[in-house]
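Coordinate analysis (summary)
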Amino acid sequence: MNGRFNGPEDVLVFDEASPEASSITMTVAAANVDTAVEKRDHHLRSPDFFEVESRPEVARKARLSPRPSPADRFLAFPTAGCYSYTYRKRGHLTQLGKPIRNHSRGADMLDFTLTEAQRKLQDKARDFALREILPMAWYYDEQEDTPKAILRKAFEAGIMNADVPEAYGGQGCGLLESVILTEELAAACAGMATSIFDNSLGMEPLILSDNEDLKKRYLPEIVKNFKLICFATSEPTMGSDVAGMRCRAEEHGDAYVLNGTKYWITNAGLADYMSVFATVDPDTSHKGICAFLVEREWEGVRTGRHIPKLGQRGSNTAAIHLENVRVPKENVIAPPGEGFVLAMKTFARTRPSIGAFAVGAARSAMEFAVDYAKRRRAFGSKISDFQGIQFKIAEMFQKIETSRLLVWKAAWEADNGLDPTITASISKFYATEAAQEVVEDALQIFGGYGYTRMFPLEKLLRDIRLFKIYEGTSEIQRSIVAGHVLTHYSPVMPPLEDLALHREQPPAGTDEEDGGAWRCRMCGYVHYGDEPPEQCPYCFFPKSAFKEVA
């Protein structure tokens with residue numbers, strides 16, 4: 001990227017460098033944005049330009065050349081007192097943060113301040129959660145029923161489906177905005193929040209797919225009308241082992257015929273549409289997996305009863321039974337061989353939201369515990385004055401803050417075109433396990449009252465337990481992270497066999513050094529001299545076990 005900085009009053013607009021350019025050229029154009037835009041108006045008539053949602057003081061249009069790469073985004077870093085933007089593959093620019101310092105003087109690496117739009121979205125979700133969800137949370141938990149009316153209100157308020165790209169009529173919110181929404185809803189009721197969020201999960205395979213015609217048919221319908229869509233990978237005999245699915249898809253002319261049962265499907269009993277994953281051959285493992293957009297009203301589609309659960313009872317969970325369901329090929333989300341990768345990409349983008357669920361529920365548990373501790377008296381004092389209680393509260397707050405930062409980092413990576421898989425897994429298993437610890441400590445502060453159904457802790461404890469299971473168990477997340485560390489992580493430290501722990505003499509290259517240094521690759525003993533010893537004096541391994549080190 002190229003840029004020109006003419007002074008502290010100048011602002012930044014974007015222009016193309018050349019037809020062969022692989023990045024955005026940045027030009028400092030004027031003393032204020034309005035002047036900058038006016039100066040570039042003769043360029044802005046080009047069809048290559050597109051509108052940018054932004055605050056008044058930010059340039060309203062930008063030009064990109066050439067077309068974005070499959071990496072999804074270009075990142076433009078400002079040089080003056082301007083704003084940074086990201087071009088999204090889904091068709092819009094988003095403001096990433098407040099004005100930052102001139103890079104030539106050293107800019108802040110990160111900005112954790114929410115934008116004005118993000119704060120408004122957070123306030124909107126918080127108000128909705130307190131007004132619509134919280135008063136009904138325990139009633140629907142007791143009834144083991146999902147309040148479709150509240151889901152409709154979330155749709156009408158623009159809280160559901162906020163992440164549908166603008167190209168299909170949506171708001172085009174990024175994953176960071178989604179996790180902000182999710183935390184607020186889950187703070188009121190994790191079960192209802194799960195059912196509201198499920199549309200994002202159900203749509204994600206479609207949004208990520210290459211089937212543009214299918215997107216144009218279904219996404220605007222979901223945005224304009226109150227339509228629910230669920231995500232179906234799990235089966236009665238498999239959950240985390242996605243490659244082990246048995247639901248069959250057989251090609252028949254211009255269609256596929258589906259047979260099998262999907263299980264543990266959130267909103268299955270309510271959904272109008274279903275993103276169904278199946279396989280053309282179970283023996284081929286992940287290589288045979290494909291995905292389809294199925295409509296509930298199609299012949300052969302049945303849903304089971306709501307599965308009675310320990311927690312999150314206000315969220316519908318049921319099975320989907322498919323019996324000779326004919327799916328036209330135009331409804332293929334992923335052809336055979338591409339379904340497994342699509343499912344993994346979906347999880348990489350939705351697992352941070354599970355972490356956000358945990359953050360919201362844990363935050364509520366902490367707030368209730370703090371309120372109780374300030375009011376409850378024992379031994380002549382408020383229990384909040386006791387160091388043991390204060391330490392619990394401090395650790396609860398620390399875990400919540402740490403979890404939120406991990407969730408935001410994973411969301412930020414996804415929004416900026418990076419692969420969020422590892423951070424998504426870390427945020428998911430850390431936040432969900434931390435949430436259980438937080439709620440356990442909160443209940444302990446309540447004592448016997450926390451164990452009763454007259455206080456909110458027992459429901460929170462039941463609700464958060466599911467987070468460690470769905471969308472990949474904590475064990476699966478650990479396997480993903482361990483696999484990354486063991487195979488792809490690049491260490492900074494040298495291998496142990498090259499590491500000489502110099503204790504008897506200084507390392508080679510110093511004035512005091514005399515002769516070479518040889519490290520026993522078995523026990524680590526370092527021998528000094530022109531040759532290694534015939535035998536290690538500690539472990540008795542032969543001369544061949546030694547390696548010359550610096």
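Read on for a plain summary of the structure. In every chain, residue numbers begin from 1 and rise along the written sequence. Note on the predicted model: pLDDT of at least 70 is required for a residue's local features to be given, and 80 or more for side-chain atom pairs to be given and counted; whole-chain, interface and lining totals, by contrast, use all residues. Calculation of side-chain values draws on the structure's entire complement of heavy atoms; hydrogens and water are dropped beforehand.

Moving on, we get to the overall build of the chain. Runs of E in the DSSP output that reach at least two residues are strands. Runs of H or I that reach at least four are helices, and both are numbered from the N terminus. For the chain, the helix and strand inventory stands at 13 helices and 20 strands. Note on classification: 1.4 Å probe, protein chains only; a residue is buried when its accessible area is under 20% of the maximum for its type, exposed when over 50%, partly exposed between these limits. Burial status across the chain gives 51% buried among its 550 residues. In what follows, residue pairs with any heavy atoms lying within 4.5 Å of each other are defined as contacts. Across the chain, every contact between residues at least 6 apart in sequence was considered, and the portion connecting residues at least 24 apart equals 66%. Just so you have it, the chain exposes about 26600 Å², and 52% of that area is on carbon and sulfur atoms. Using a 1.4 Å probe, accessible areas were evaluated by the Shrake-Rupley method; residue-level cover was limited to the displayed protein chains.

With that settled, the discussion passes to the side chain of glutamine 312. Within the secondary structure, glutamine 312 sits in the loop between strand E13 (301–303) and strand E14 (317–328). Since its relative accessible area comes to 1%, glutamine 312 is described here as buried. Residues in contact with glutamine 312, not counting those within four places in the same chain, are Ala190, Gly191, Thr194, Asp463, Leu466, Phe467 and Tyr470.

Now for the packing of aromatic side chains. Ring pairs are drawn from Phe, Tyr and Trp, using the six-membered ring of Trp, whenever the two centres fall within 6.5 Å, and their geometry is named by plane angle: stacked under 30 degrees, edge-to-face over 60, tilted for the rest. By the definition in use, this model includes 16 aromatic pairs. Taken together, a centroid distance of 5.6 Å and an interplanar angle of 70° make the contact between phenylalanine 446 and phenylalanine 455 edge-to-face. When its relative accessible area of 5% is taken as the criterion, phenylalanine 446 is described as buried. Note on phenylalanine 455: relative accessible area 26%, which makes it partly exposed. Grouped by ring-pair contacts, the aromatic residues Phe197, Phe357, Phe467 and Tyr470 constitute a single cluster.

When you tally the buried positions in strand E11 (residues 273–279), you get 7 out of 7 residues, the bulk of the element. Side chains Tyr273, Ser275, Phe277 and Thr279 of E11 all project onto a buried face; the interleaved residues Met274, Val276 and Ala278 project onto the opposite face, where all are buried too.

Quick look at the side chain of glutamine 436 now. Tracing the backbone through its elements, the reader meets glutamine 436 in helix H11 (residues 421–446). When its relative accessible area of 18% is taken as the criterion, glutamine 436 is described as buried. When near neighbours in sequence (up to four residues on either side) are disregarded, glutamine 436 contacts Ile464, Arg465 and Lys468.

Attention now moves to the pattern of salt bridges. What counts as a salt bridge is simple: a side-chain nitrogen of Lys or Arg found within 4 Å of a carboxyl oxygen of Asp or Glu. Under the criterion given, the structure shown has 29 salt bridges. As a salt-bridge pair, glutamate 142 and arginine 453 come within 2.6 Å of each other at their nearest N and O atoms. On the criterion of sequence distance, the pair formed by glutamate 142 in helix H4 (residues 137–143) and arginine 453 in the loop between H11 and helix H12 (457–464) is long-range, its members being 311 residues apart. Residue classification places glutamate 142 among the partly exposed residues on the basis of a relative accessible area of 47%. As a salt-bridge pair, lysine 409 and glutamate 413 come within 2.8 Å of each other at their nearest N and O atoms. Of the two residues, lysine 409 and glutamate 413 both sit in helix H10 (residues 387–415), 4 residues apart, roughly one turn of that helix. Where salt bridges share partners, they join Arg126, Glu183, Glu184, Arg363, Glu367, Glu401 and Arg404 into one cluster.

On to H11. Expected helix span is computed as 1.5 Å times (number of residues minus one). With 26 residues, H11 extends 38 Å from end C-alpha to end C-alpha; this agrees with the ideal 38 Å at 1.5 Å per step. In terms of burial, H11 is a largely internal element, 19 of the 26 residues being buried. Just past H11, the residue glycine 447 takes up positive phi, approximately 65°.

As paired elements, strand E9 (residues 248–252) and strand E10 (residues 255–266) share 5 bridges and run antiparallel to each other. Bridging across to E10, histidine 252 finds its partner in alanine 255. Think of it this way: DSSP has to see at least two bridges between two strands before they count as a pair. Where E9 folds back on E10, the antiparallel hairpin that results is connected by 2 residues, among which glycine 253 adopts a positive phi of roughly 60°.

Of note, asparagine 161 is a non-glycine position whose phi angle comes to about 70°, a positive value. One can find asparagine 161 in the loop between helix H5 (148–156) and helix H6 (175–188). Non-glycine residue phenylalanine 540 carries a positive phi angle of around 65°. Tracing the backbone shows phenylalanine 540 in the loop between strand E19 (526–529) and strand E20 (546–549). The exposure class of phenylalanine 540 is exposed, given its relative accessible area of 55%.

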